[in-house]
Amino acid sequence: MFYEGSKYLYEATRKRAYFDKVTIIVPKTWTHKSEYKLPGNLTFDYADVIVAPPNPRWAPLQYTKQYQGCGQRGVHIHFMDEFLTDPEVELYYGPLGRVLVHEWGHLRWGLFDEYPDAVGDPDNYQEFYFSPLTQQFEGVRCSYDHNAFPLKFFPESQMYRPCNGGPDIGYEEGCVYYVVANQDKDLVSSSIMFSSYPLGPIKYFCDNDSSDSPNLHNREAPNKHNRLCTSRSNWEVLRDHEDFRNNINPPREISEDDLMPEITIVQHQDIRVVLLLDTSGSMTSKNRFNKMISSSANYISSIVTEGSYIGIVEFNYVGIIRKNLTLVTSDDDRQALLESLPPDAGGSTAIGDGLLKSIEVLSEGGMDPAGGIILLITDGKENVRPNVADIMDTIISSGVIVDTLAFSQNADGLLPGLSQATGGKTYFYSDEVGSNTLYEAFAATMERGDVLDSERRVQLMGTSWSLKSDEERTSSIFLDSTLGRNTEFVFSWETENVLAIDVNITRPNGSMIDWSYEGYGVDISFRILTVSIKGQAEAGSWKFKVWNNGTQSQDVVVTIYSYPASNDVEPIIVTSELSGSTTAFEQNEPLVAYAEIRQGFRPMIYANVWATIERPQAGYEPIKLQLLDNGAGADVTKNDGVYSRYFTEMTGVGYYGVTIDVDNNEGNAIVIDSNPFSKSRPIVDPDDAFNLPDIGGVKIPSPGEPPAEPTGTPAPAFSRGTSGGSSRVDATPPGFSPGADLFPPGDILDLRVTNTSFLDKTVSLAWTASGDDLDSGAASWYEVIRAESVLAWQSDPDPESHLILNSSHVLQGNLSAPQVFGSREDLQVMVPVPEEVNVTSYAFVLRAFDDAGRWSEFSNVVQAVLREYVPESLPAPAPATTNAPPATSNPQPATGDASPVMTDAPPTTRDAPPVTTDAPPPTTDAPIVVTVTPPSTWLQWWHIALMVVGGSVGLSLLIGLILCAVLKGIPSKATPVSPIIVAEAGEHTNRAYAHEWLE
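What counts, and where the lines are drawn
Residues numbered from 1 in each chain as written. Predicted model: local features only at pLDDT ≥ 70, side-chain atom pairs only at ≥ 80, totals over all residues. Heavy atoms only, no water. Helix = DSSP H or I, 4+ residues; strand = E, 2+ residues; numbered from the N terminus. Buried < 20%, exposed > 50% of the residue type's maximum accessible area, 1.4 Å probe, protein only. Contact = heavy atoms within 4.5 Å. Areas by Shrake-Rupley, 256 points an atom, 1.4 Å probe, with all protein chains shown as cover. Salt bridge = Lys/Arg side-chain N within 4 Å of Asp/Glu carboxyl O. Arc of directions from axis to C-beta. Phe/Tyr/Trp six-rings, centres within 6.5 Å; stacked < 30°, edge-to-face > 60°. Axes fitted to C-alpha atoms, helices over the stretch in contact; angles between N-to-C directions. Parallel < 35°, antiparallel > 145°, perpendicular 65-115°, else oblique. Left-handed = near helix turned anticlockwise from the far one by under 90°. Nonpolar A, V, L, I, M, F, W, Y, C, P; charged D, E, K, R; others polar. Patch = residues over 30% accessible without salt bridge, like charges linked within 9 Å, V, L, I, M, F, W, Y side chains within 5 Å. Pairing = 2+ DSSP bridges. pLDDT = per-residue confidence, 0-100. Expected span 1.5 Å × (residues − 1). Disulfide = S-S within 2.5 Å. Core = buried A, V, L, I, M, F, W, Y, C linked by side-chain atoms within 4.5 Å. Polar contact = N/O pair within 3.5 Å; in protein donor to acceptor, adjacent residues only side chain to side chain.

Chemist: Sorry, what's going on with the overall build of the protein here?
Modeler: Counting its secondary structure elements, the protein contains 13 helices and 52 strands. In the protein, which comprises 999 residues, the share counted as buried stands at 62%. Expressed as a percentage of contacts within the protein between residues at least 6 apart in sequence, the contacts between residues at least 24 apart total 77%. Carbon together with sulfur atoms contributes 49% to the accessible area of the protein, which is approximately 36,600 Å² in total.

Pasting the structure below:
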């Protein structure tokens with residue numbers, strides 16, 4: 001696949017890019033072979049391509065998880081194993097190398113699909129559109145001259161026929177634009193994002209060069225790429241990307257042999273972690289040293305897994321090795337590590353020398369340090385040479401991963417860059433009550449590399465309280481049925497050499513756990529109280545009470561976690577990312593928080609997800625934001641299990657720490673478990689359209705067969721709390737003061753036509769309300785523009801050149817009273833219908849304004865078509881009539897005005913149906929990897945890591961040079977629950993989801 005893909009990518013990018021190196025990471029559970037190398041800082045978590053059990057929203061086809069918008073990098077490409085191993089796949093979907101390049105366009109360059117997709121883009125799904133240039137109904141495609149039939153398929157009777165209607169009046173409902181395999185290479189050469197993988201002539205990403213008609217982008221087509229990329233061609237987006245901007249990678253001749261990527265197989269081995277602890281004088285402030293040592297002790301005692309290697313290095317004036325790598329297999333090993341923790345703090349801050357000593361520990365005995373993890377905790381700025389900048393090349397070349405934790409706002413600003421350069425993650429721990437990131441940063445080191453969900457530690461709560469003397473506080477967590485093994489409640493306090501707190505816990509059955517319980521343990525020297533639940537902890541609400549029995553106030557840290565109930569139960573997993581470890585606020589860039597909720601690879605929708613953001617500068621309380629999965633604002637795809645939100649309430653320079661809390665939204669959360677199927681349809685002869693095979697047990701549906709309504713099972717009652725990491729702001733805009741209105745309303749990218757009436761001369765529009773500041777609050781008013789056509793607007797995007805609607809045009813809706821972000825806006829407007837025509841169309845676009853006079857970018861442009869006649873949907877044909885008409889290429893749009901084509905139409909009239917449909921969207925998830933290295937001086941190349949997860953079936957890459965295996969998905973033994981139709985749950989969801997898939 002990568003061999004074929006490299007050659008195809010080279011051609012598709014006009015000799016500018018290819019795959020140079022591919023690293024395949026195989027599971028640690030596989031028998032080790034001598035040719036397997038260490039993966040360095042490559043991990044499954046940051047894979048570019050994953051092979052894994054399917055996500056039911058897309059199975060059996062591949063997909064790319066995309067958190068961000070046009071031109072922005074995606075998360076990873078996901079293949080299910082059967083898609084790569086089933087020999088019939090290439091018969092229907094073309095060479096795997098071509099499939100890979102299509103997905104690489106999504107992943108690397110932030111392109112989107114150019115074909116109609118009833119599941120992936122339901123609100124904007126159309127097979128045909130009316131072109132004012134040709135005055136005809138055209139099939140959605142790119143480029144223009146694909147050979148295709150307008151066909152109606154009848155899966156029940158396995159019949160098909162030509163669609164009723166024609167290009168002059170349009171087609172009946174259910175008609176599909178059926179692309180055929182026979183394409184003229186002189187007429188079409190694009191577009192790869194139209195996903196015509198089996199079509200030999202398709203070899204380019206479409207462009208806007210009108211002199212190259214076979215490769216000319218179709219700007220009119222109502223597809224997801226045009227909607228999210230403002231109708232720019234693929235190649236226009238690529239030209240703006242850092243890989244190609246300013247002709248950074250001009251064309252170059254490369255031999256076919258040199259286009260073959262170098263493939264390396266690697267395998268994670270035992271986890272190796274070095275704790276790099278700041279023991280400078282500043283760590284004595286606000287009890288930071290004691291907190292760090294207490295967290296370290298809890299990590300060594302309870303979190304480090306058997307078979308891991310742990311080392312300890314401290315730094316003050318210099319770096320000091322306190323314990324070389326120790327294999328942890330017993331309590332004695334843990335005790336030896338505990339006794340090696342630094343006893344006190346004092347001195348300078350030699351971060352650079354500490355890093356060199358940590359690499360030395362990971363290199364002990366000639367061992368390759370690559371892949372080792374360094375957890376660097378510091379509260380200050382380096383002031384002893386060598387500086388980190390002086391040794392950065394050494395750090396990177398060693399292949400180590402450096403996670404960093406900024407302990408207070410005084411921590412050095414270099415930490416995010418250090419983590420980013422080494423594939424690590426940045427955390428922030430404030431001195432404020434409520435923060436618990438210190439514990440989570442330690443725990444995350446045990447989840448790096450090759451960790452199955454069934455082995456993953458799941459945090460249920462992480463917080464801290466300030467308790468006055470003799471004060472008690474109660475709280476609770478809900479332990480769901482997917483968890484229960486090795487459940488622990490961990491509490492720590494501040495005062496040394498005394499047991500300052502007392503804890504009791506009430507089980508779901510009402511029985512009490514106190515100091516007399518076998519699993520109740522206290523370590524006064526490290527100020528930790530741990531309650532380890534024996535056996536399987538029962539599902540339900542666990543209540544706990546903490547009492548400060550000391551004579552002074554205590555900051556009490558609370559951490560509660562559990563492990564999956566068994567190896568064959570899929571736990572509910574919450575993962576979180578930020579838009580970057582640094583945020584360019586001085587350029588008015590917001591911070592974006594993302595959280596993904598899944599059970600196995602099944603996405604969870606309608607969950608209640610909140611982010612708490614700690615801010616720098618004294619006196620500013622943390623901000624709570626509800627993250628949404630509504631396909632608006634920061635969220636790219638609705639109901640895919642990825643929840644997003646912009647954060648704009650900056651207070652100045654410093655670290656912004658994020659924590660994520662999730663629950664089942666009072667029983668409304670749903671785990672998607674059906675397979676609605678979507679993505680591109682296979683290209684086969686229409687006579688073979690009803691003989692499509694299964695792939696991985698999933699039947700490829702016939703063309704025109706509406707996607708099944710997604711179903712799901714109610715999520716169990718659960719709660720999760722996890723760190724989202726941190727992002728640092730290094731500079732602010734000129735004249736900035738907290739609270740200033742710096743951000744405009746968010747862009748509206750889901751404008752759609754919901755209905756048209758030729759008879760009443762009306763058009764109904766809908767969109768998701770923008771906010772005052774991106775996706776927060778409410779805008780002040782909308783400006784809606786009506787243009788003669790999509791191309792007319794694109795050619796002159798100046799509102800004054802078109803009609804700006806006012807209240808006299810509006811029948812329903814209010815342009816001057818926008819609703820709060822996330823609400824559905826509806827607008828019905830009057831339009832003129834010329835005499836003596838039976839079809840007319842207009843384009844609409846809008847933008848939002850706030851009370852400070854700032855405005856959003858223009859929305860996606862939509863076309864409203866008013867038809868006097870809608871061809872009747874006829875019944876299925878008799879068996880003898882299943883012959884398709886001869887394939888014809890659609891006319892190439894010309895410049896200038898075209899005369900309308902007049903035809904005789906059926907005598908009945910009726911209102912046109914909505915141009916768009918309200919149906920459900922998709923999700924994402926998975927593991928194969930492609931990690932990117934900086935571009936070469938001339939030709940862009942990538943170092944790709946292919947990551948495989950799962951159990952054992954032969955996976956042979958296309959050329960058969962590498963044999964891998966993929967683990968099968970492990971069936972859940974949870975009690976089955978009757979499926980529910982996702983649409984039925986909509987009315988029970990919270991306000992953020994008031995307007996969902998099917999209304």
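Chemist: Looking at this structure, how should I read the pattern of salt bridges?
Modeler: For the structure shown, the criterion picks out 34 salt bridges. Note that Asp555 and Lys291 form a salt bridge whose closest N and O atoms lie 4.0 Å from each other. Of the two residues, Asp555 is situated in strand β27 (residues 554-564) and Lys291 in helix α7 (residues 288-303); the sequence distance between them amounts to 264 residues. Overall, Asp555 belongs to the partly exposed group, its relative accessible area being 21%. Of the charged contacts in the structure, one is a salt bridge between Asp353 and Lys357, with a shortest N-O distance of 3.3 Å.

Chemist: I tried to follow helix α10 (residues 388-398) on my own but got confused; where do I start?
Modeler: Two residues of an α-helix separated by three or four positions point the same way, owing to the 3.6 residues in each turn. Along α10, the residues that are buried comprise Val388, Ile391, Ile395 and Ser398. Along the long axis of α10, the arc covered by the buried residues comes to 80°, so they all point the same way. Counted as exposed and oriented over 90 degrees from the buried face of α10: Ala389, Asp393 and Ser397. Those residues of α10 that are buried lie in contact with α9 (351-362), β17 (401-407) and α11 (415-422). Phi for Gly399, located one or two positions after α10, is positive at around 80°.

Chemist: Please explain the packing of aromatic side chains as it appears in this structure.
Modeler: The geometry of two aromatic rings is summed up by the distance between their centres and the angle between their planes. Inspection of the entire model under this criterion finds 29 aromatic pairs. Between Phe153 and Tyr178, the aromatic rings sit 5.2 Å apart at their centres with planes inclined by 45°, giving tilted as the arrangement. Within this pair, whereas Phe153 is found in strand β7 (residues 147-154), its partner Tyr178 is found in strand β11 (residues 176-179), the two being separated by 25 residues in sequence. In this structure, Phe153 and Tyr178 share a single accessibility class: buried. Grouping aromatic residues by their ring pairs yields a cluster made of Trp465, Phe489, Phe491, Trp542 and Phe544.

Chemist: Could you clarify how one ought to interpret the packing of helix α1 (residues 2-12) against helix α4 (residues 96-109) in this entry?
Modeler: Helix packing for two helices is described by the angle between their axes and how far apart those axes are. Between α1 and α4, the least distance of the axes is 8 Å, while the angle of their chain directions is 65°. Relative to α4, α1 is oriented roughly perpendicular. α4 is crossed by α1, and the crossing has right-handed handedness. In this structure, α1 uses Phe2, Glu4, Gly5, Tyr8 and Leu9 to contact α4, whose residues at the interface are Gly97, Arg98, Leu100, Val101, Trp104 and Trp109. Of the residues belonging to the contact of α1 with α4, the class tally is seven nonpolar, two polar and two charged.

Chemist: Before we go on, may I ask you to explain a nonpolar patch on the surface in this structure?
Modeler: A cluster of nonpolar residues, Tyr317, Val318 and Ile320, forms a patch on the protein surface that exposes about 270 Å² of accessible area. Positionally, Tyr317 belongs in the loop between β14 (309-315) and β15 (319-327).

Chemist: Would you mind going over the sheet that holds strand β40 (residues 752-757) with me for this structure?
Modeler: Within a sheet, each strand pairs with its neighbour through backbone hydrogen bonds, oriented either parallel or antiparallel. Here we have four strands laid out as an open sheet, ordered β40-β41-β45-β44, and antiparallel in their pairing. On the outer flanks of this sheet lie β40 and β44 (810-812), each paired with one strand and no other. Neighbouring strand axes in the sheet, compared pairwise and without regard to direction, differ in orientation by 30° on average. Of the pairings in the sheet, the one linking strand β41 (residues 762-768) to strand β45 (residues 824-830) comprises seven bridges and is antiparallel in character. Bridge pairing in β45 links Trp767 to Glu825.

Chemist: Got a minute to help me understand the confidence of the model for the protein in this structure?
Modeler: Any region with low pLDDT has predicted coordinates that should not be read closely. Chain-level statistics for the protein give a pLDDT mean of 85 and a share of 86% at 70 or above. Within the model, the stretch residues 881-938 combines pLDDT values under 50 with 235 contacts to residues more than four positions away or in other chains. With pLDDT under 50 throughout, residues 948-999 is counted as low confidence; its partners more than four residues away or in other chains account for 145 contacts.

Chemist: Explain α7 here, please?
Modeler: With 16 residues, α7 extends 21 Å between its outermost C-alpha atoms, agreeing within 8% with the 22 Å of an ideal straight helix rising 1.5 Å per residue. Counting buried positions over the 16 residues of α7 gives 14, a clear majority of the element.

Chemist: Quick question: what am I supposed to make of the state of the cysteines here?
Modeler: A covalent bond between the sulfur atoms of two cysteines is referred to as a disulfide. Inspection of every chain in the model, using the stated rule, returns two disulfides. What pairs with Cys70 in a disulfide is Cys229, and their sulfur atoms sit 2.1 Å apart. In this structure, the disulfide formed by Cys70 and Cys229 twists by about 110° around the S-S bond and is classed as right-handed. Separated by 159 residues along the polypeptide, Cys70 in the loop between β3 (63-65) and β4 (76-79) and Cys229 in the loop between α5 (224-228) and α6 (234-239) bring together distant segments of the chain. Accessibility classification places Cys70 together with Cys229 in one group, the buried group. There is a disulfide in this structure between Cys163 and Cys175, and the S-S distance comes to 2.0 Å. Since a negative S-S torsion denotes a left-handed disulfide, the Cys163-Cys175 link at about 100° is right-handed. Taken together, the residues Cys163 in the loop between β8 (159-162) and β9 (165-166) and Cys175 in the loop between β10 (170-171) and β11 connect sequence positions twelve residues apart.

Chemist: So what exactly am I meant to see when it comes to the sheet that holds strand β46 (residues 839-849) here?
Modeler: Strand order in this open sheet of four strands is β43-β42-β46-β47, and the pairing throughout is antiparallel. Bordering the open sheet on either side are β43 (803-804) and β47 (862-867), each of which pairs with just one other strand.

Chemist: What is the right way to look at the nonpolar core in this model?
Modeler: The nonpolar side chains of a soluble globular protein tend to be buried with one another. Core analysis: the biggest nonpolar cluster contains 74 residues, and Phe79, Phe83, Tyr93, Trp109, Phe153, Tyr178 and Phe205 have the highest contact counts within it. One finds Leu275, Leu277, Phe289 and Tyr427 within the second-largest nonpolar core, a separate group that totals 40 residues.

Chemist: Is there a simple way to explain the pairing of β40 in this structure?
Modeler: Of all six residues making up β40, five are buried, and the element is well covered by its neighbours. Pairing between β40 and β41: five bridges, direction antiparallel. Its bridge partner being in β41, Asn755 is matched across the sheet by Ser764. Following β40, the chain reverses through four residues before pairing antiparallel with β41; Lys761 in that reversal takes a positive phi of roughly 60°.

Chemist: Looking at this structure, how should I read the side chain of Thr495?
Modeler: Counting through the fold element by element, Thr495 comes out in the loop between β21 (483-492) and β22 (501-506). A distance of 3.2 Å separates the side chain of Thr495 from the side chain of Gln552, its partner in a polar contact. If near-sequence neighbours (up to four positions away) are discounted, Thr495 is found in contact with Arg527, Gln552 and Gln554.

Chemist: Teacher, can you tell me more about the environment of Val400 here?
Modeler: Within the secondary structure layout, Val400 lies in the loop between α10 and β17. The exposure class assigned to Val400 is buried, which follows from its relative accessible area of 1%. Taking the C-alpha atoms as reference, Val400 lies 6.2 Å from Pro369; in sequence the two are 31 residues apart.

Chemist: Got a minute to help me understand unusual backbone geometry in this structure?
Modeler: Leaving glycine aside, a negative phi is the common case for residues, and trans is the common case for peptide bonds. Put simply, Ser190 and Ser191 share a cis peptide bond, and its omega is 20°. Position of Ser191 relative to the elements: it lies in the loop between β11 and α5. A cis geometry characterises the amide bond from Arg385 onward to Pro386, with omega recorded as 5°. By the secondary structure assignment, Pro386 is in the loop between β16 (373-378) and α10. We note that Arg527 has phi near 60°; this positive angle belongs to a residue other than glycine. You can see Arg527 is positioned in the loop between β24 (520-523) and β25 (528-532). For Arg527, a relative accessible area of 3% gives the class buried.

Chemist: What exactly am I supposed to notice about the packing of α10 against α11 here?
Modeler: Axis separation between α10 and α11 bottoms out at 10 Å; the angle between their running directions is 15°. Taken together, α10 and α11 sit at an angle that is classed as roughly parallel. Crossing of α10 over α11 shows right-handed handedness. Every residue of α11 that contacts α10 at Val388, Met392, Ile395 and Ile396 is listed here: Leu418, Ala421 and Thr422.

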